[in-house]
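So you can see what is in the structure, the chains are spelled out below.
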Amino acid sequence: MDSCLMIWSMKPQMRAYRFVGHKDAVMCVHFSPSGHLVASGSRDKTVRLWVPSVKGESTVFKAHTATVRSVHFSSDGQSLITASDDKTVKVWTVHRQKFLFSLSQHLNWVRCARFSPDGRLIVSASDDKTVKLWDKTSRECIHSFCEHGGFVNHVDFHPSGTCIAAAGTDNTVKVWDVRMNRLLQHYQVHSAVVNSLSFHPSGNYLVTASNDSTLKILDLLEGRLLYTLHGHQGPATCVAFSRTGDLFASGGSDEQVMVWKTNFDAADCGEVLKTQKSGMSSIIPEDGTHQTLQSEMDCGIHLKKTKTQDSGRSHEQQEEETSLANTLEHIMGQLDVLTQTVSILEQRLTLTEDKLKECLENQQKIIQNKAS
């Protein structure tokens, strides 16, 4: 791994920025909500705050005594939280660029730490097999979730702030209600360690990345696996949705960063975001392929209701039509995934051809130099 930070523009033919400053591998990055700052954590034990411009200027934060595994801005952009192999979680002020306080009850490396959407809570995941929930104001641990059977690699808050999801080395993804501190959902869809996860802004979907080289999209409303995405050649190490939810990016040990386009209904997403802002909530259904331990708990996940357009039709006809529509929608979704996969393979083939051409040209130059 190199020690550089790369920032790509999503606009066609725009140059990428390569920032140099860390002395060892960069382990994590996060944009501020405004997009005007980027935080990075490194194996060199430091955190850097960058201005994403041509100059690539950065400020160094020093307080950790081991590798920094996680960096995350609060939703207002005023605070930064970091997690480290020194077993601590640290909170910093962005404006004054100063260290504020440490949370230090974990017994092993802390892999990930996140602010809640309202900034009042902090959640952290550790190699001590626990997920800890903290009160930011009192700086006290208010609960420890101990259901994981292995190290916990990643954790994040649901957009509503009422739930958290965590991924671990026991190949599972778990969802808890943070008000009642109870396990809501348990997914075992990967065949290897789950490294990362991210909630869709609507709160209806969760994407995961695993050492089995796949990304998986979970439907939280129905509690089932929706898509399995193949693209990385080796472990998929990280994944995250864009702020609008129309894209998500993944990275892997194959040194590839892939950007994927979602095929979720944009209108539905907009409705859900409006619903969450108005304070409405709903229920996670019990049916599905996962284990639901408490379906009656309000998790802030929006359940879409379909209006009956023709009250004269029989219940059986409506069920058949709904089933057919769902089947067609699923087929179209799978076709979209296949199209994306083919596109990625074509891009890789082009890159391989270019590299081969470059190698042959270099070899020809070497032969010519030797002959002369």
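In the block above lies the structure referred to throughout.
About the cut-offs
- Every chain is numbered on its own, with residues counted from 1 as its sequence reads.
- Restriction of local features to residues with pLDDT of at least 70 applies here, the model being predicted, together with a cutoff of 80 or more for giving and counting side-chain atom pairs; totals for whole chains, interfaces and linings are based on all residues.
- Calculation of side-chain values draws on the structure's entire complement of heavy atoms; hydrogens and water are dropped beforehand.
- What counts as a helix is a DSSP run of H or I of at least four residues, what counts as a strand is a run of E of at least two, and both are numbered from the N terminus.
- In this scheme, a residue with accessible area under 20% of its type's maximum is buried, one over 50% is exposed, and one in between is partly exposed, where area comes from a 1.4 Å probe on protein chains only.
- Throughout, a contact is declared for two residues whenever any of their heavy atoms are within 4.5 Å.
- Here the accessible surface of atoms and residues is derived via Shrake-Rupley with a 1.4 Å probe, and residues count as covered only by protein chains that are part of the display.
- Criterion used throughout: strands pair if DSSP finds at least two bridges between them.
- Axis lines are fitted to C-alpha atoms, over the contacting stretch for helices. Their N-to-C directions set the angle, which ranges from 0 to 180 degrees.
- The working definition used for a salt bridge is a side-chain nitrogen of Lys or Arg within 4 Å of a carboxyl oxygen of Asp or Glu.
- Patch membership requires over 30% relative accessible area and the absence of a salt bridge. Like charges are linked within 9 Å, and nonpolar side chains (Val, Leu, Ile, Met, Phe, Trp, Tyr) within 5 Å.
- Positive charge is attributed to Lys and Arg, negative charge to Asp and Glu, and no charge count is given to His or to the chain ends.
- By convention, the charge on Lys lies at NZ, on Arg at CZ, on Asp at CG and on Glu at CD.

Across its full length, the protein chain holds two helices and 26 strands. Burial status across the protein chain gives 47% buried among its 372 residues. Considering only contacts in the protein chain between residues 6 or more positions apart, those separated by 24 or more positions represent 42%. Roughly 19,900 Å² of accessible area belongs to the protein chain as shown, and the carbon and sulfur atoms make up 52% of that amount.

What follows is about the pairing of strand S21 (residues 214-219). Each regular strand carries side chains that alternate between the two faces of the sheet. Counting buried positions along S21 gives six out of six residues, so the element sits mostly inside the fold. Covered by surrounding structure in S21 are Thr214, Lys216 and Leu218 together with Leu215, Ile217 and Asp219, the residues of both alternating faces. Note that strand S20 (residues 205-210) and S21 share five bridges and pair antiparallel. Among the inter-strand pairings, Thr208 is bridged to a residue of S21, identified as Lys216. Linkage of S20 to S21, two consecutive antiparallel strands, is achieved through a turn of three residues, within which Ser213 is found at a positive phi near 80 degrees.

Before going further, it helps to spend a moment on the sheet that holds strand S8 (residues 79-84). Taken in spatial order, the four strands of this open sheet run S7-S8-S9-S10, and their pairing is antiparallel. A strand with exactly one partner marks an edge of an open sheet, and here the two such strands are strand S7 (68-73) and strand S10 (98-103). Sheet twist, expressed as the mean angle between neighbouring strand axes with direction ignored, is 20 degrees.

This part takes up the pattern of salt bridges. One pass over the structure, following the stated rule, counts five salt bridges. For Asp127, the salt bridge is made with Arg111, and the minimal N-O distance between the two is 2.9 Å. Note that Asp127 is positioned in the loop between strand S12 (121-126) and strand S13 (131-135) and Arg111 in strand S11 (residues 110-115), a separation of 16 residues in sequence. One salt bridge in this structure joins Asp177 and Arg179, with 2.9 Å as the shortest N-O distance. What makes Asp177 buried here is its relative accessible area of 0%. You can call Arg179 partly exposed: its relative accessible area is 40%.

On to the sheet that holds strand S6 (residues 58-62), then. Within the open sheet, the four strands sit side by side as S3-S4-S5-S6. Their pairing is antiparallel. Every interior strand has two partners, whereas the edge strands, strand S3 (26-31) and S6, have only one. Going across the sheet, the axis of each strand differs from the next one's by a mean of 20 degrees, ignoring polarity.

Taken together, the side chains of Glu353, Asp354, Glu358 and Glu361 define an acidic patch exposed on the protein surface. Given the relative accessible area of 40%, Glu361 is considered partly exposed.

Our next topic: the pairing of S10. Two elements, strand S9 (residues 89-93) and S10, share five bridges in a ladder whose sense is antiparallel. Considered in S10, the bridge of Val91 is made with Phe101.

Here we take up unusual backbone geometry. Even without being glycine, Gln97 reaches a positive phi, approximately 55 degrees. Take Gln97: it is sitting in the loop between S9 and S10. If you check the backbone angles, Asn171 has positive phi at about 70 degrees while not being a glycine.

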